[in-house]
Each structure stands twice: as C-alpha cells, then as structure tokens.
Amino acid sequence: IRWTTILLVLVYHVCYMFNGVGAVGGIPDAANIPAFDTIEYIVYPWFMVLLFIIAGMSSRYSLQKRTGKQFIKERAVKLLIPSTLGLFVIHWITGYLNIKMGGGLSYIPSALVYPISAVSGIGPLWFIQMLFLFSCILVLFRKIDKNDKLKIKVQSNMKISIEAIKFSIFSE
C-alpha cells in the first residue's frame, strides 16, 4: 500500500505541473492537459491522509520492537538527517528559482539569498520533516501513557475519524 500511495503522489505532482486550474506552482505557459486535471481531482483528497495513516501504523509496529530512544535515533537517521541535507544541498535551488521567477530576488540582501532560498524551497521534504516531528510526539505520548490507556480511547473514536476522512474525501 505504501509504495502504491507514493507512486500516486508522484503521478499527482507530475499532473499538477500541467494543471488547467491556474494554481500556483505549475509550469508557466504550459499546455493544459484536461486528463491530468481529472487524475488530480481523484487522487488529491486522500493521498496525504493515506500516507500519514500508513506512517502511523508503521510507527506503532516499529515501537513494539524498539525503545523510544532507539526509535527516535532511527527516525533521525532515516528522516531528519536526509531531509535536512536535501533541503540545504538540493532544494534550496527550488526556493531560489521560485524567488527569481516571482521577481523577489532584487528585494533580498545577497547574504540572505541562500538561507531564504533553502527555507522556502522545502518542497516535498515537508512531509518527511513532519514525520520526524510526529514520531517525537508519538514517543512522548507513549512515555506519558505507559499503560496504553490512549489505545482504548483511540479505538472508541475510530468511527469519528473514519467519518471525518469520508467527509474530507467526498466534500470536495
């Protein structure tokens, strides 16, 4: 399920580049491909929710085999370090190009161009960084709730969560 969802995310972002809605972020003056808009409308409402659900399920199983400290260390190596390096080594270029195409480059002092480009060029790395943050929060919750009492409350509220997901998918 995870790899299928990741492939859908990739397909969505390719289609997004040729959107006909005029949303910011597409290729300027690119030809609209209506079939791509259809794919976007079908995939957009639920793929990120599905990715977070899969990540949460994987984290729960991972925490059954590891201590909180081991889990955070592993997540730092797998998520935080690569996403931070990616941000400062590769994705700053995205931020720089966005600033340049938007005409804002002349308003930024030259000493601040790189840091501002890096922060504004986060792109898809936001998801990985949020996973690390949520992993830390999960370990904190598990430390507070040693008897797993939240599990019972989560299970009792599962119907509400499912209804909320259905509402978000079908309300678009």
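The coordinates are above.
Below is a summary of the structure that appears in this document. (Residues numbered from 1 in each chain as written. Predicted model: local features only at pLDDT ≥ 70, side-chain atom pairs only at ≥ 80, totals over all residues. Heavy atoms only, no water.)

### Some remarks on the side chain of glutamate 40
In this structure, glutamate 40 sits in helix H2 (residues 34–43). Residue contacts for glutamate 40: discarding those within four places in its chain leaves Tyr12, Cys15, Tyr16, Asn19 and Pro45. (Helix = DSSP H or I, 4+ residues; strand = E, 2+ residues; numbered from the N terminus. Contact = heavy atoms within 4.5 Å.)

### Considering a nonpolar patch on the surface
A grouping of Trp126, Met130, Leu133, Phe134, Ile137, Leu140, Phe141 and Ile144 is seen on the molecular surface, where their side chains present a nonpolar patch of about 740 Å² in accessible area. Its location among the elements puts leucine 140 in helix H6 (residues 125–144). For leucine 140, a relative accessible area of 47% corresponds to the partly exposed category. (Patch = residues over 30% accessible without salt bridge, like charges linked within 9 Å, V, L, I, M, F, W, Y side chains within 5 Å. Areas by Shrake-Rupley, 256 points an atom, 1.4 Å probe, with all protein chains shown as cover. Salt bridge = Lys/Arg side-chain N within 4 Å of Asp/Glu carboxyl O. Buried < 20%, exposed > 50% of the residue type's maximum accessible area, 1.4 Å probe, protein only.)

### Points about the pattern of salt bridges
Tallied over the entire structure, the rule returns 2 salt bridges. Arginine 66 is the partner of glutamate 74 in a salt bridge, and the nearest nitrogen-oxygen pair spans 2.8 Å. Arginine 66 gets classed as partly exposed once you look at its relative accessible area, which sits at 30%. Salt-bridge contacts for arginine 75 lead to glutamate 74; the nearest nitrogen and oxygen are separated by 3.6 Å. Given the relative accessible area of 13%, arginine 75 is considered buried.

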